[in-house]
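In case you want the letters, here they are:
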Amino acid sequence: MPLTAGIVGLPNVGKSTLFNAITQSQVEAANYPFATINPNVGVVEVPDERIDHLVEIFEPLKTIYTTFEFTDIAGLVKGASKGEGLGNQFLSHIRQVDAICHVVRCFENPDITHVEGSVDPLRDIEIINLELAMADLQNIENRIVKVERKAQVKDKDAAAEYAVLKKLNDALLEGKAARTVELTKEEELIARNYQLLTRKPMIYVANMSEEDISDPENNAYYQKVSAYAKAENNEVIAISAEIEEELSSLAKADKEAFLQDLGILESGLDRLIRAAYHLLGLQTFFTAGKQEVRAWTFKKGMTAPECAGIIHTDFQKGFIRAETYSYEDLMVYRSEAALKENGKLRLEGKEYEVQDGDVLHFRFNV
């Protein structure tokens, strides 16, 4: 399921350093604007301790985690919507992603220049959000010009599209993101055609110093970003991109020891990956046995045949039923035999909506 989150922000806020940590690759992270021109895509494993517990029980020959994609997008600058700083190219890259991770600088460092001359996370957020909104507004206004006349002469499709365009246009003119506009399912299908930047779900990533990351709430910059995100009903994840890059090169045991020394329970990167995964309505089901324990990504609301199709199209075509139980029940009974004895192993048909944490075995006939 190739859904991806784009990492955006002003130049020199730590985007490429974070991307290095995400992919354990060496994307250029030079201290000047436009060091990253073409988008870079990295595939990461989604951390899930449930896989580890399944491995303990089944002792498989192979273990496969589910994955998620991040795209590193070059730094935007003020005026990007008008083409400043290669802005049009960068904005087009953002249109291709499904969610946005907006990295905000929440640390002081005289050796790392800030494109605006000082550290001010709220100003930085508003610069990026304004550029995204201006690009959307331009897109909407251009489309209104093409549709309005047809709508006025009672063209049904044009009238429906014009109504959606008007809703979105009014919100953007009021300084609101397109994602705040409530649309019906039919209207949403129309809105998707515009690839609106401010309709994409967003997470703020507060990039902090090593000294501050163990207690983010003590950082005045983080407090401002947190309050801003809360007002928008968005999430904020505190990280130190520099630390995450160091952690990415360590073995698991060394990583845990490093985090413990820092007084951190969990890597900020792990929290970001999970947050981006869930932001897009993604969930996980499992297949488990002696040969393999594997996590599979599916979209919330998918049925058993649709999830079978993720494994192989033949599974969906010839779907008969799914033999299933929950991860939570397995942790209680510790074996499939005990699950069956206690009535926790179920047979589900074509209408069954798969739940996060289901362990599934598909029966099919092609």
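What you are looking at is a predicted structure, and each value in this text was computed from that prediction instead of being measured.

Draft legend 1. Quick peek at the overall build of the protein. What the protein contains, in helices and strands, is 14 helices and 12 strands. Taking 2.2 N^0.38 as the reference for a compact globule, 366 residues should give roughly 21 Å; the C-alpha atoms of the protein span a radius of gyration of 23 Å, in line with that estimate. Once the C-alpha set of the protein is aligned to its principal axes, its extents read approximately 65 × 65 × 35 Å. Expressed as a percentage of the 366 residues in the protein, the buried residues total 48%. Across the protein, the fraction of contacts at a sequence separation of at least 24, relative to all contacts at a separation of at least 6, is 69%. Split by element, the accessible area of the protein, about 18500 Å² in all, is 48% carbon and sulfur. Between the mean site of the 40 positive side-chain charges and the mean site of the 59 negative ones, the protein shows a separation of 9 Å.

Draft legend 2. Inspection of the side chain of aspartate 270 at higher detail. With respect to the helices and strands, the residue aspartate 270 is situated in helix 10 (residues 268–279). Although aspartate 270 is buried, it makes no salt bridge; lysine 255 carries the closest opposite charge, 4.1 Å away. Setting aside residues no more than four positions away along its own chain, aspartate 270 makes contact with Pro47 and Lys255.

Draft legend 3. Broad picture of a negative patch on the surface. A cluster of like negative charges, contributed by Glu210, Glu211, Glu242 and Glu246, occupies part of the molecular surface. Looking at the secondary structure, you find glutamate 211 in the loop between strand 6 (202–207) and helix 7 (220–231).

Draft legend 4. Spotlight on the packing of aromatic side chains. Evaluated as defined, the whole model comprises eight aromatic pairs. Consider the rings of phenylalanine 68 and tyrosine 277, whose centres lie 6.3 Å apart with planes at 75°: the pair is edge-to-face. With phenylalanine 68 in strand 4 (residues 67–72) and tyrosine 277 in helix 10, this pair connects stretches of sequence that are 209 residues apart. As far as burial versus exposure is concerned, phenylalanine 68 and tyrosine 277 are alike and both buried. Among the aromatic side chains, those forming a connected cluster through ring pairs are Phe285, Trp296, Phe298, Phe319 and Phe362.

Draft legend 5. A look at the pairing of strand 6. Extensive coverage of strand 6 is indicated by the burial of six of its six residues. Side chains of strand 6 alternate between two faces, with Met202, Tyr204 and Ala206 and Ile203, Val205 and Asn207 buried alike. Pairing of strand 5 (residues 99–105) with strand 6 involves six bridges; the strand directions are parallel. Bridge pairing in strand 6 links arginine 105 to asparagine 207. Where strand 6 and strand 7 (residues 235–239) come together, five bridges link them in parallel fashion. The residue bridging isoleucine 203 from the neighbouring strand is glutamate 235, located in strand 7. The handedness of the strand 6 to strand 7 crossover, carried by helix 7, is right-handed.

Conventions and cut-offs
Sequence order as written defines the numbering, with residues in each chain counted from 1. Two thresholds apply to this predicted model, a pLDDT of at least 70 for residue-level local features and 80 or more for giving and counting side-chain atom pairs, whereas whole-chain, interface and lining totals are computed over all residues. Side-chain calculation: all heavy atoms of the structure are included, whereas hydrogens and water are not. Secondary structure is summarised from DSSP: a helix means a run of H or I of at least four residues, a strand means a run of E of at least two, and numbering begins at the N terminus for each. We take the radius of gyration over the C-alpha atoms and set the globule estimate at 2.2 Å times the residue count to the 0.38 power. Three labels apply to residues, based on accessible area from a 1.4 Å probe with only protein chains included: buried if under 20% of the type maximum, exposed if over 50%, partly exposed otherwise in between. Should any heavy atoms of two residues lie within 4.5 Å, those residues are counted as being in contact. Throughout, the Shrake-Rupley method with a 1.4 Å probe supplies accessible areas, and for residues the shown protein chains are the sole cover considered. Neither His nor the chain ends is counted toward charge; the positive residues are Lys and Arg and the negative residues Asp and Glu. For this purpose, a charge sits on NZ of Lys, CZ of Arg, CG of Asp or CD of Glu. The term salt bridge refers to a side-chain nitrogen of Lys or Arg lying within 4 Å of a carboxyl oxygen of Asp or Glu. Distance thresholds for patches are 9 Å for like charges and 5 Å for nonpolar side chains (Val, Leu, Ile, Met, Phe, Trp, Tyr), applied to residues having over 30% relative accessible area and no salt bridge. Pairing of aromatic rings covers Phe, Tyr and Trp, the last counted by its six-membered ring, and requires centre-to-centre distances within 6.5 Å; plane angles under 30 degrees mean stacked, over 60 mean edge-to-face, and any other angle means tilted. Pairing between strands is defined by DSSP: at least two bridges between them are needed. The handedness of a crossover follows from its direction of travel: if, with the strands pointing away from the viewer, the path from the first strand over the helix to the second runs clockwise, the crossover is right-handed.

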